[in-house]
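Single-letter residue listing:
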Amino acid sequence: MTENIDISSHDKHIVFIGFMGAGKTTIGQLVAKKLHRDFIDIDQEIERIHQMPVSAIFQELGEASFRKMERELIVALCSETRSRILSLGGGAYMQEEVRKACLANCIVFFIDVSWDSWKERIPLLIDTRPILQNKTLDQIEELFLSRQSTYAMSHYTISSNDMDAETAANQIVESLKENWERNEPSI
């Protein structure tokens, strides 16, 4: 795990970003349980609010409408004072307003996975991810690689290549607790 900057507030939301299928939701749910915080998967929350699956929103309303819903929800959640664990969809963090809100108000973890590891997951993802529909492997790889530098604008990076979700969650919680203890004011 690499740590890009020092984060001291344990009152902040914890946000998981990364490419679709990297493990953000699975790891985020485990971290939420370990830290006794509520967990919100942004895509699932959008589906709940709008009473339709993300794939239907993409199909019927278009990607621009979905990105607007996503942006409004994330920015609103980031401004709330109740600390939560948030898992963002793979494209959400590409929006500057989302990125700024997350970096300013949250602790952002980039769940990184190599292209070689990720492409093994395609059969599990292809049917449920609208952004992958009708794309060649080369086009998907281009999308994957084009997002890496934006995802790197985070507070922490953890590679999920050779690590199960439980181990990743334990490492995240441990690093947060160490950081919080290191930054506690002396009595």
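Residues numbered from 1 in each chain as written. Predicted model: local features only at pLDDT ≥ 70, side-chain atom pairs only at ≥ 80, totals over all residues. Heavy atoms only, no water.

A. Spatial organisation of the packing of helix α2 (residues 42–50) against helix α4 (residues 63–79). Their axes nearest at 10 Å, the elements α2 and α4 cross at an angle of 105°. Judged by the angle between their axes, α2 and α4 are roughly perpendicular. Contacts from Ile-42, Asp-43, Glu-45, Ile-46, Ile-49 and His-50 of α2 reach α4 at Phe-66, Met-69, Glu-70, Leu-73, Ile-74 and Leu-77. Of the residues belonging to the contact of α2 with α4, the class tally is 8 nonpolar, 1 polar and 3 charged. (Axes fitted to C-alpha atoms, helices over the stretch in contact; angles between N-to-C directions. Helix = DSSP H or I, 4+ residues; strand = E, 2+ residues; numbered from the N terminus. Parallel < 35°, antiparallel > 145°, perpendicular 65-115°, else oblique. Contact = heavy atoms within 4.5 Å. Nonpolar A, V, L, I, M, F, W, Y, C, P; charged D, E, K, R; others polar.)

B. Layout of the packing of aromatic side chains. Taken as a whole, this structure holds 9 aromatic pairs when the rule is applied. Taking 5.4 Å as the distance between ring centres and 35° as the angle between the ring planes, the aromatic pair formed by Phe-110 and Tyr-151 counts as tilted. Taken as a pair, Phe-110 in strand β5 (residues 106–112) and Tyr-151 in helix α8 (residues 137–151) lie far apart in primary sequence, 41 residues in all. What makes Tyr-151 buried here is its relative accessible area of 0%. (Phe/Tyr/Trp six-rings, centres within 6.5 Å; stacked < 30°, edge-to-face > 60°. Buried < 20%, exposed > 50% of the residue type's maximum accessible area, 1.4 Å probe, protein only.)

C. Structural detail: the packing of α4 against helix α5 (residues 96–105). Here α4 crosses α5 at 15°, and the two axes come no closer than 9 Å. One element, α4, and the other, α5, form an angle in the roughly parallel class. As for how α4 packs across α5, the hand of that crossing is left-handed. Within the contact between the two elements, α4 uses Arg-71, Ile-74, Val-75 and Cys-78 and α5 uses Glu-97, Val-98, Ala-101, Cys-102 and Asn-105. A breakdown of the residues in the contact of α4 with α5 according to their chemical character gives 6 nonpolar, 1 polar and 2 charged. (Left-handed = near helix turned anticlockwise from the far one by under 90°.)

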